[in-house]
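# Structural characterization, general
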Amino acid sequence: YYLYNIEASLDGQTYTPVAVKSNTNAATDAGDAYSVTTTARYLRVNMTYNSANTAVHISDFRAYGTLQGGAKGSGPSVNGTDAKASNPPDLELIKQDLKSETDPGNIKLNVYPNPFRDHFTINIDSPDEELYEISVVDFQGKIVLSGTEIPANIDNTFNLQLAKGMYIIRVSNKGKMMYHRIVKD
């Protein structure tokens, strides 16, 4: 059996307990499930005990909830220009598109490494040599990076100093939009 607690945070600094596994029920393939009511941007699991040996591990962790919008804004410059997004992404549309994870037509979005530390690379794999708009949005709805005239079919590397967490990349051109989740390590 394992003992652990799960904590939630809005800022990644101050955490509040939301669930605790304190009984000695044996671990099963089905795992443990908790229904909690909280608002959080970050979750962490603190493993405190494993009855089989001194090491602890997690084989799977899933959190389900409802994305809530927040303040919208503009981000830093891209490619030396002060680029601002004219239309901030609608978080409801992002949620719908992320469910399917399909790209329009035969355009593919490659983002790596994921998770990233200080930089990540985007390659928009397109049959056409077009220019795209890009936005990186945090889960509060704030645009942390925006830019225009991002070329397809080449590696575009972005250096960002962001807080740890999950972000959404939106790439658009002529009404076509693609979304990709990326994690800052």
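Procedures and definitions
Residues numbered from 1 in each chain as written. Predicted model: local features only at pLDDT ≥ 70, side-chain atom pairs only at ≥ 80, totals over all residues. Heavy atoms only, no water. Helix = DSSP H or I, 4+ residues; strand = E, 2+ residues; numbered from the N terminus. Buried < 20%, exposed > 50% of the residue type's maximum accessible area, 1.4 Å probe, protein only. Contact = heavy atoms within 4.5 Å. Areas by Shrake-Rupley, 256 points an atom, 1.4 Å probe, with all protein chains shown as cover. Pairing = 2+ DSSP bridges. Axes fitted to C-alpha atoms, helices over the stretch in contact; angles between N-to-C directions. Salt bridge = Lys/Arg side-chain N within 4 Å of Asp/Glu carboxyl O. Phe/Tyr/Trp six-rings, centres within 6.5 Å; stacked < 30°, edge-to-face > 60°. Lys NZ or Arg CZ within 6 Å of the ring centre and 35° of its normal.

## Structural notes on the overall build of the chain
Per the secondary structure count, the chain includes 1 helix and 10 strands. Counting from the amino terminus, helix and strand elements in the chain follow one another as β-β-β-α-β-β-β-β-β-β-β. Within the chain, the proportion of its 185 residues that are buried is 32%. Long-range contacts, defined as pairs at least 24 residues apart, comprise 60% of the intrachain contacts of the chain with a sequence gap of at least 6. Total accessible area on the chain stands at roughly 11,500 Å², and carbon and sulfur atoms take up 47% of it.

## Quick word on the pairing of strand S9 (residues 165-173)
In terms of residue burial, S9 counts as a mostly covered element, since 8 of its 9 residues are buried. Relative to strand S10 (residues 176-184), S9 is paired through 9 bridges, and the arrangement is antiparallel. When the bridges of S10 are listed, Ile-169 appears paired with His-180. In sequence, S9 turns back onto S10 through a hairpin of 2 residues, with Lys-174 there showing a positive phi of about 50 degrees.

## Comments concerning the sheet that holds strand S3 (residues 42-50)
Taking strand neighbours across the sheet as the criterion, the 3 strands line up as S2-S1-S3 in an open arrangement whose pairing is antiparallel. This sheet does not close on itself; its edge strands, each paired only once, are strand S2 (16-21) and S3. Pairs of neighbouring strands in the sheet enclose a mean axial angle of 20 degrees, with direction left out of account. Sheet analysis places strand S1 (residues 2-9) next to S2, joined by 5 bridges and oriented antiparallel. In the strand pairing of S2, Ala-8 is matched with Thr-16.

## Brief notes about the pattern of salt bridges
One pass over the full model with this rule turns up 2 salt bridges. Across the pair Arg-44 and Glu-7 runs a salt bridge, and its minimum N-O distance is 2.6 Å. Residue Arg-44 is found in strand S3, and its partner Glu-7 is found in strand S1; the two are separated by 37 residues along the sequence. Here Glu-130 and Lys-174 are joined by a salt bridge, their closest N and O atoms 3.6 Å apart. Here Lys-174 lies in the loop between S9 and S10 and Glu-130 lies in the loop between strand S5 (119-125) and strand S6 (131-138), a separation of 44 residues in the sequence. The exposed category is assigned to Lys-174, whose relative accessible area is 71%.

## Here's the deal with unusual backbone geometry
The residue after Tyr-112, namely Pro-113, is reached through a cis peptide bond having omega -10 degrees. Of note, Pro-113 is situated in the loop between strand S4 (108-112) and S5. A positive phi angle, near 60 degrees, is found at Glu-149, a position not held by glycine. Here Glu-149 shows up in strand S7 (residues 143-151). Judged by its relative accessible area of 56%, Glu-149 is exposed. The backbone of Asn-153 shows a phi angle near 65 degrees, a positive value even though the residue is not glycine.

## Some thoughts on the packing of aromatic side chains
Inspection of every chain in the model, using the stated rule, returns 4 aromatic pairs. Taking the centre distance of 5.7 Å and the plane angle of 35 degrees together, the rings of Phe-120 and Phe-158 count as tilted. Taken as a pair, Phe-120 in strand S5 and Phe-158 in strand S8 (residues 156-159) lie far apart in primary sequence, 38 residues in all. Residue classification places Phe-120 among the buried residues on the basis of a relative accessible area of 0%. Cluster of aromatic residues (ring-pair linked, three or more members): Phe-116, Phe-120 and Phe-158. Just above the ring of Tyr-15 sits the side chain of Arg-44; from NZ or CZ to the centre is 3.7 Å.

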